[in-house]
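One-letter residues, chain by chain:
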Amino acid sequence: MKKDLFHIPNGIIYLDGNSLGPMPTAAVARVQQTLTAEWGEMLITAWNKAGWFHQPGILGDRIAPLIGAQAGTVVIGDTLSIKVYQALAASLKMRPDRNVILSDTGNFPTDLYMAEGLIKTLDKQYELKVVSPTDVEAHLNEQVAVMMLTQVDYRTGRLHDMQSLTSKAHVNGTVVLWDLAHSAGALPVELERCNPEFAVGCTYKYLNAGPGAPAFIYTRPDLIEVVEPALSGWMGHENPFSFDMDYVPAASIERMRVGTPPVLQMAALDAALDVWEGVSLSDVRANSIRLSELFITEVEKRCADLTLLSPRDSAQRGSQVSFTHPNGYAIIQALIAYGVIGDFRAPDVLRFGFTPLYIDTDDVMQAVEILEKIITDKLWDQEQYKLRATVT
Ligand SMILES: *Cc1c(COP(=O)(O)O)cnc(C)c1O
């Protein structure tokens, strides 16, 4: 759909945009400009002159339409782990008489780790209840303060029904926090219609803003002026430059800011968001389903050793397809050596992301061809492909 706007190295088929999006070509000049014309020439005056200070809200407003939210409800900053902590802490404050945080085993570990860490800092005894993704609904009750879920399971690609779970949680008076790490830029998200209190997500996965790009946080409009940000940093103060001794949160989504934003990475994010101008997320979704179905059909026909882990029904799947194989790690390493980049998730999952902005039918067919050859000729069965690197 927009392949010419990305730098994809020659000879590479990139099926890992669900983990780190490729570089939008325009990011080079945009970051360069921020380095030389802004930081270089304007020095500290760039906070005003180049508008750095207001970028977190401006970029939030650009992300909002991609997740079905209105302007003034999204702000960027920090990493997703931090934003999870912030939203969860604010959610717990809203239900002081309850003591359960409900999540599922499909959640990304850092979300659960952040919850564990947060609980330890609180006087009250909270229980982090982690159930299987299909059991979440059955565990909703009036003890549950917060339901904290990632919409698309990072390992299997299983997609939660946001609308239905949110309204069921609300029937019980539970606060809802969605992690959109694998949703934003992958499929249409309708936050406002689904009505959760909070949502958070990444910009370096499907939004292609580069390694370490800041996360975003959404707060429902009616709560923006009442949530208590546990991470009460100066950038979220109503007037950071009055340097008051006491914290007073901003009367806008800016209260969810913490400290100094990553200016260079925001420049890359700004360029990455230009790519989305005029793109319809329903077209992206339709193409992602088409490419994923083609991949599943061809892989099952040609690589019988691989077992589909993702839901077969595309309506229940995000924009990635996972298969399992006992030698998954070595197969992925061999695939990378042959120019097809996917990734591996312990213990035996081969994961492939389908990102229609820069992946097309030819890429899928070529990737399957190479995968078939690696499996039938056992090309993966070499020591060099079995050595575990730090990052898988
Ligand atoms: C990728 C991902 C993260 C990453 O968090 P960082 O703090 O940005 O490293 C967190 N949660 C989910 C659900 C993810 O998919």
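Worth saying up front: this structure is predicted, and the values here are computed from it rather than measured. (Residues numbered from 1 in each chain as written. Predicted model: local features only at pLDDT ≥ 70, side-chain atom pairs only at ≥ 80, totals over all residues. Heavy atoms only, no water.)

Regarding the site of the ligand
Line of reasoning, step 1. Around the ligand, 13 residues are found, and the nearest of them are Ser81, Asp111, His182, Tyr204 and Lys205.
Line of reasoning, step 2. One of the side-chain N or O atoms of threonine 79 is found 2.9 Å from an oxygen atom in the ligand.
Line of reasoning, step 3. Leucine 80 places a polar main-chain atom, nitrogen or oxygen, 3.3 Å from an oxygen atom of the ligand.
Line of reasoning, step 4. In isolation the ligand exposes 390 Å². Once the protein is present, 86% of that is buried.
Line of reasoning, step 5. Under a 2 Å grid-point criterion requiring more than half of the atoms, the pocket assigned to the ligand is the largest pocket.
Line of reasoning, step 6. Of all elements in the fold, only helix H4 (80-94) and helix H5 (109-121) reach the threshold of two or more residues within the shell around the ligand. (Near = heavy atom within 4 Å. Polar contact = N/O pair within 3.5 Å; in protein donor to acceptor, adjacent residues only side chain to side chain. Areas by Shrake-Rupley, 256 points an atom, 1.4 Å probe, with all protein chains shown as cover. 1 Å grid on protein atoms, 1.4 Å probe; cavity = no way out; pocket = protein on both sides within 12 Å on 5 of 7 lines; lining within 4 Å. Sits in = over half its atoms within 2 Å of the grid points. Helix = DSSP H or I, 4+ residues; strand = E, 2+ residues; numbered from the N terminus.)

Concerning empty space enclosed by the protein
Where empty space is left in the structure can be found by rolling a water-sized probe over the atoms.
Line of reasoning, step 1. Evaluation of the coordinates by the stated rule reveals two cavities of 30 Å³ or more.
Line of reasoning, step 2. Space inside the largest cavity adds up to approximately 60 Å³.
Line of reasoning, step 3. In terms of lining, the largest cavity is formed by Gly185, Ala186, Tyr206, Asn208, Trp276, Val284, Ser319, Phe354, Thr355, Pro356, Leu357 and Tyr358.
Line of reasoning, step 4. Residue classes in the lining of the largest cavity are distributed as eight nonpolar, four polar and no charged.
Line of reasoning, step 5. Two domains each put at least three residues into the lining of the largest cavity: domain 1 (26-274) and domain 2 (280-386).
Line of reasoning, step 6. What the second largest cavity holds in volume is close to 30 Å³.
Line of reasoning, step 7. Looking at the lining of the second largest cavity residue by residue, the classes come out as one nonpolar, four polar and three charged. (Points joined across faces, edges and corners; volume = space filled by probe spheres on them. Nonpolar A, V, L, I, M, F, W, Y, C, P; charged D, E, K, R; others polar. Domains from an automatic or database assignment.)

Side note on a nonpolar patch on the surface
Line of reasoning, step 1. On the surface, a cluster of nonpolar side chains totalling about 520 Å² of accessible area is made up of Leu35, Trp39, Leu43, Ile44 and Leu264.
Line of reasoning, step 2. Structurally, leucine 35 can be placed in helix H1 (residues 26-42). (Patch = residues over 30% accessible without salt bridge, like charges linked within 9 Å, V, L, I, M, F, W, Y side chains within 5 Å. Salt bridge = Lys/Arg side-chain N within 4 Å of Asp/Glu carboxyl O.)

A closer look at the sheet that holds strand E9 (residues 198-201)
Line of reasoning, step 1. The seven strands lie next to each other as E4-E10-E9-E8-E7-E5-E6, forming an open sheet whose pairing is mixed. Two strands close off the open sheet at either side, each with one partner strand: strand E4 (74-76) and strand E6 (127-131). For this sheet the average axis-to-axis angle between neighbouring strands, irrespective of direction, equals 20°.
Line of reasoning, step 2. Contacts from H4 reach strand E5 (100-104), strand E7 (144-150), strand E8 (175-179), E9 and strand E10 (216-219) within the one sheet, and its direction differs from that of E9 by about 170°. (Pairing = 2+ DSSP bridges. Axes fitted to C-alpha atoms, helices over the stretch in contact; angles between N-to-C directions. Contact = heavy atoms within 4.5 Å.)

Considering the side chain of arginine 345
Line of reasoning, step 1. Its location among the elements puts arginine 345 in strand E14 (residues 343-345).
Line of reasoning, step 2. Side-chain polar atoms of arginine 345 contact the backbone oxygen of threonine 392, separated by 3.0 Å.
Line of reasoning, step 3. Beyond its immediate sequence surroundings of up to four residues, arginine 345 is in contact with Ser19, Tyr154, Arg155, Arg351 and Thr392.

Examining the sheet that holds strand E15 (residues 349-353)
Adjacent strands of a sheet pair through backbone hydrogen bonds, lying either parallel or antiparallel.
Line of reasoning, step 1. As summarised here, the arrangement of the four strands in space is E11-E12-E15-E14, forming an open sheet in which the pairing is antiparallel. Only two strands of the sheet have a single neighbouring strand rather than two, namely strand E11 (307-308) and E14.
Line of reasoning, step 2. The pairing of E11 with strand E12 (residues 320-324) spans two bridges and is classified as antiparallel. Paired with threonine 307 across the two strands is threonine 324, which belongs to E12.
Line of reasoning, step 3. The sheet strands contacting helix H9 (residues 281-302) are E11, E12 and E15, and the helix crosses E12 at an angle near 20°.

Focus: the domain arrangement of the protein
Line of reasoning, step 1. When the domains of the protein are assigned, the result is domain 1 (26-274) and domain 2 (280-386).
Line of reasoning, step 2. Averaged C-alpha coordinates put domain 1 and domain 2 at centres separated by 30 Å.
Line of reasoning, step 3. Tallying the contact residues gives 16 residues for domain 1 and 22 residues for domain 2.
Line of reasoning, step 4. Summed over both partners, the interface of domain 1 with domain 2 comes to about 1,400 Å²; 60% of that surface belongs to carbon and sulfur atoms.
Line of reasoning, step 5. Summed over the three residues of domain 1 that lose the most area to domain 2, namely Arg155, Thr156 and Tyr206, the buried surface amounts to 34% of that side.
Line of reasoning, step 6. In this assembly, domain 1 and domain 2 are joined by zero salt bridges.
Line of reasoning, step 7. Inspection of the region where domain 1 meets domain 2 yields eight residue pairs in polar contact (both at pLDDT 80 or more). (Buried area = accessible area lost by both parts, 1.4 Å probe.)

Topic: the packing of aromatic side chains
Line of reasoning, step 1. Enumeration according to the criterion identifies eleven aromatic pairs in this entry.
Line of reasoning, step 2. Consider the rings of phenylalanine 241 and phenylalanine 243, whose centres lie 5.6 Å apart with planes at 85°: the pair is edge-to-face.
Line of reasoning, step 3. Among the residues examined, phenylalanine 243 registers a relative accessible area of 55% and is labelled exposed.
Line of reasoning, step 4. Three or more aromatic residues joined by ring pairs make a cluster, and in this case those are Phe53, Trp234, Phe241 and Phe243.
Line of reasoning, step 5. Lying across the ring of phenylalanine 108, lysine 205 places its NZ or CZ 5.4 Å from the centre.
Line of reasoning, step 6. The residue whose ring lies beneath arginine 388 is tyrosine 329, and the NZ or CZ to ring-centre distance is 4.4 Å. (Phe/Tyr/Trp six-rings, centres within 6.5 Å; stacked < 30°, edge-to-face > 60°. Buried < 20%, exposed > 50% of the residue type's maximum accessible area, 1.4 Å probe, protein only. Lys NZ or Arg CZ within 6 Å of the ring centre and 35° of its normal.)

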